[in-house]
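# Examination of the molecular architecture
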Amino acid sequence: MDDPLCYLAIFFMSYFNTGKKENRKLIFDKYNGHCAYCGAVLEFKNLQIDHKEPLRRTSRGVERDYSFENCMPSCGQCNSSKSSFELEQWRKELDLKVHRLNDYHSIYRICKSFGLVFETGIEVKFYFERYGS
Ligand SMILES: [Zn+2]
């Protein structure tokens, strides 16, 4: 496996070209036209493709999993928010946002006091984790 040609072969075997329209359609259909993370209904023209496992920096350089399994249909909001977070890091980050709203935003706190918004206390569960169950 130390042969560089082996790495090259593995890279191309898992490569899924997201630039092709038919491949983008396969990703769009993966969760029936919904964002894999928040579950919002997507329009094909606005589809963004997120890599569930983001690029990794290793001693050999930058690695990215280009497989179909790693390509997730995403809305712009989720793709931007997730950015280069690992999935579990992002889940924690989303949970922290509620704490930050309470700690730093008086508008949020007053709205909460008057029952205009309320917190559910539920754990962040991504749409693809609930999909099909
Ligand atoms: Zn989303």
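Attention in this report is confined to the structure presented alongside it. (Residues numbered from 1 in each chain as written. Predicted model: local features only at pLDDT ≥ 70, side-chain atom pairs only at ≥ 80, totals over all residues.)

### Considering the nonpolar core
Membership of the largest hydrophobic core is limited to 10 residues, which are Ile 27, Cys 35, Ala 36, Tyr 37, Leu 42, Cys 71, Met 72, Cys 75, Cys 78 and Phe 126. Not counting residues within four places of it along the chain, the set of residues in contact with Cys 71 comprises Phe 16, Thr 18, Ile 27, Ile 49 and His 51. (Core = buried A, V, L, I, M, F, W, Y, C linked by C-beta atoms within 7 Å. Buried ≥ 20, exposed ≤ 12 C-beta atoms within 10 Å, placed from the backbone. Contact = placed C-beta atoms within 7 Å.)

### Comments concerning the pairing of strand E4 (residues 71-74)
Here E4 shows a buried face lined by Cys 71 and Pro 73 and a second buried face lined by Met 72 and Ser 74. Of the strand pairs in this sheet, strand E1 (residues 48-51) and E4 are connected by 4 bridges, and their pairing is antiparallel. The residue bridging His 51 from the neighbouring strand is Cys 71, located in E4. (Helix = DSSP H or I, 4+ residues; strand = E, 2+ residues; numbered from the N terminus. Pairing = 2+ DSSP bridges.)

### Observations concerning unusual backbone geometry
If you check the backbone angles, Asn 32 has positive phi at about 55° while not being a glycine. Within the secondary structure, Asn 32 is located in the loop between helix H2 (21-29) and E1. For Asn 32, a count of 11 C-beta atoms within 10 Å translates into the label exposed. Positive phi, normally seen in glycine, also occurs at Ser 83, with a value near 50°. With respect to the secondary-structure elements, Ser 83 resides in the loop between helix H3 (76-82) and helix H4 (87-104). Overall, Ser 83 belongs to the exposed group, with 12 C-beta atoms counted inside 10 Å.

No statement about biological role is implied by the geometric values presented.
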